[in-house]
Amino acid sequence: MADVLPPNMLNERPRTPAGLLSNAEKDRLIERGFLGLYRWYTARSQETRNWNPDRSFEWLKLRQDLPPEIVTVIQGFFAVEQYAPDFTSSLVNLVRRSHGRSHFQLRWGSEEEKHADAWENAVLFSGQRSPEWIEEYKERLRSQTWELPFPDAIHNIVYTVFQERATQLNYLNMMKIAQGRSEKPQYAGFSDPVLAKVAQTIAVDEAAHYNFFLEGVRMYLYYYPERTLDAIKNVIGGFSMPASGLVPDWQDFAETVYRAGIYGPRDFQRDVMQVAFRNLGIESRKALEEGIKKTREVPDFEGENHKTTAIFDTFDYGQIEGDVRRLHVKIQDYEKEIGFDRFDPTEFVENPEVPRKEGQAADD
Ligand SMILES: [Fe+2]
Ligand SMILES: [Fe+2]
């Protein structure tokens with residue numbers, strides 16, 4: 001912001017050393033980023049992903065002879081997605097003070113709700129489950145409530161990054177089977193264009209969700225590196241798919257998904273964790289764990305910055321700064337299109353804690 005005051009004049013927080021951003025200022029910057037990103041996201045979602053779970057697919061053309069295990073997988077996808085109201089209400093409540101984040105969660109929830117309806121249609125139109133069976137299954141699922149996996153906002157957003165990527169991967173691999181591209185011998189010669197289109201359409205939404213939450217975690221990582229890296233370490237330490245403890249036939253579903261080559265522990269390592277790490281400038285799980293350990297070994301002397309410097313060696317902060325900058329350029333372009341920039345533009349503010357290479361200007 002062109003007229004931003006020096007952070008130490010913004011509020012009376014004597015604990016913030018001169019020249020550093022106070023937590024209140026960091027929170028304000030992150031909030032502005034989320035708000036801009038949410039406005040951009042909503043416009044884009046309506047322009048490019050405005051599909052309907054009933055009308056966008058030719059349901060009567062879905063094969064009536066789907067392999068039974070494919071129906072089991074689709075049923076599991078439905079079971080997870082139908083907790084959309086629980087996911088949404090818990091998350092909205094958690095971030096209700098943030099305009100950008102809480103409004104985004106409503107939009108996100110409206111997209112997840114479409115996923116539930118589309119997968120339910122797939123189960124119904126497969127002809128392998130009666131409407132009565134589906135009704136009863138739904139009642140069983142809804143007798144339980146999904147609760148937040150972590151108590152605080154930062155852990156939950158980090159969890160969501162990994163969860164959205166894992167979900168996207170599940171759907172992409174289902175799409176591959178339905179397109180006749182599976183490497184598993186049992187699916188040689190099998191295809192179903194309707195199922196392929198459903199899986200692809202939902203996977204595109206999941207990719208958009210992943211990106212939104214990823215941009216959010218990058219902002220946290222940039223302004224609050226220590227807290228964020230810690231949250232990443234905790235989340236990957238015990239990752240499981242949402243509602244895995246609520247769906248009654250989860251074990252059967254997980255094994256079927258694994259045998260079909262759709263998702264398993266190796267896929268999580270290679271196609272979820274490593275992908276998210278690369279997008280977050282983290283080399284590996286080992287590098288993350290060692291970096292955090294090293295940070296804790298360094299004594300945090302009052303008024304000195306040893307701790308902060310060590311944490312910046314744990315990830316590629318140059319990459320993250322570039323990503324956060326690019327996010328702001330994207331938001332600014334959007335704001336120029338609308339005219340927001342004339343009244344209240346979103347600006348990128350550097351984190352002065354980030355170590356600079358010698359001779360590097362503060363804002364180059
Ligand atoms: Fe979804
Ligand atoms: Fe999603």
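Our subject is the structure that appears above.
Given the structure is predicted, the values throughout are model-derived calculations rather than measurements.

Peer 1: I would appreciate a short explanation of a negative patch on the surface in the present structure.
Peer 2: Together, Glu-132, Glu-135, Glu-136 and Glu-139 give the surface a local cluster of negative charge. Glu-135 sits in the partly exposed class, given a relative accessible area of 44%.

Peer 1: What is the right way to look at the coordination of the iron ion (ligand 2) in this model?
Peer 2: Six octahedrally arranged donors around a metal ideally form angles of 90 or 180 degrees; four tetrahedrally arranged donors ideally form angles of 109.5 degrees. Around the iron ion (ligand 2), the donor atoms from the protein are Glu-112 (OE), Glu-164 (OE), Glu-164 (OE), Glu-206 (OE) and His-209 (ND1), and they sit 2.0 to 2.7 Å away. All donors to the iron ion (ligand 2) come from one chain, and their sequence spacing reads E-x51-E-x41-E-x2-H. The metal-metal distance between the iron ion (ligand 2) and the iron ion (ligand 1) comes to 3.6 Å, with Glu-112 coordinating both. With Glu-206 and His-209 both in helix H8 (residues 193–223), this residue pair falls 3 residues apart, about one helical turn. By relative accessible area, His-209 is classed as buried at 0%.

Peer 1: Explanation requested: empty space enclosed by the protein in the structure shown.
Peer 2: Over the atoms a probe the size of a water molecule is rolled, and this reveals where empty space is left. According to the stated counting rule, one finds 1 cavity of 30 Å³ or more in the structure shown. In this structure, the largest cavity encloses a volume near 150 Å³. Every residue lining the largest cavity is counted, 15 residues in all, and those nearest its centre are Phe-87, Trp-108, Glu-112, Gln-163 and Pro-242. Every element with two or more residues in the lining of the largest cavity is listed here: helix H3 (68–81), helix H4 (84–94), helix H5 (99–125) and helix H7 (153–178). Among the elements that make up the lining of the largest cavity, the one with the highest residue count is H7 (6 residues). By residue class, the composition of the lining of the largest cavity is 8 nonpolar, 4 polar and 3 charged.

Criteria and thresholds
- Within every chain, residues take consecutive numbers counted from 1 along the sequence as written.
- As they are written, the chains are lettered A onward and the ligands numbered 1 onward, keeping that order.
- In view of the model being predicted, local features appear only for residues whose pLDDT reaches at least 70, and side-chain atom pairs are presented and counted only at 80 or more, with totals across whole chains, interfaces and linings using the full set of residues.
- Only hydrogens and water are set aside; all other atoms, that is, all heavy atoms of the structure, feed into the side-chain values.
- Every patch collects residues that have over 30% relative accessible area and no salt bridge, joining them within 9 Å if they carry like charges and within 5 Å if they are nonpolar side chains (Val, Leu, Ile, Met, Phe, Trp, Tyr).
- Here the accessible surface of atoms and residues is derived via Shrake-Rupley with a 1.4 Å probe, and residues count as covered only by protein chains that are part of the display.
- Here, a salt bridge means any Lys or Arg side-chain nitrogen found within 4 Å of an Asp or Glu carboxyl oxygen.
- Only four residue types enter the tally: Lys and Arg on the positive side, Asp and Glu on the negative side; His and the chain ends are excluded.
- Here the site of a charge means NZ on Lys, CZ on Arg, CG on Asp, or CD on Glu.
- Burial here depends on accessible area, computed with a 1.4 Å probe over protein chains only, as a share of the maximum for the residue type. Under 20% is buried, over 50% is exposed, and the range in between is partly exposed.
- Coordination partners: N, O, S within 2.8 Å of the metal, 3.2 Å for Na, K and Ca; water not considered, so apparent gaps in a site are possible.
- Numbering of helices and strands runs from the N terminus, with a helix taken as a DSSP run of H or I at least four residues long and a strand as a DSSP run of E at least two residues long.
- Points on a 1 Å grid, built from protein atoms alone, make a cavity when a 1.4 Å probe fits but cannot get out and make a pocket when they are open with protein on both sides within 12 Å along at least 5 of 7 lines; residues with an atom within 4 Å of a point are the lining residues.
- Grid points are joined across faces, edges and corners, and a volume is the space filled by probe spheres set on the points.
- When residues are sorted by character, Ala, Val, Leu, Ile, Met, Phe, Trp, Tyr, Cys and Pro go into the nonpolar class, Asp, Glu, Lys and Arg into the charged class, and all the rest, Gly among them, into the polar class.

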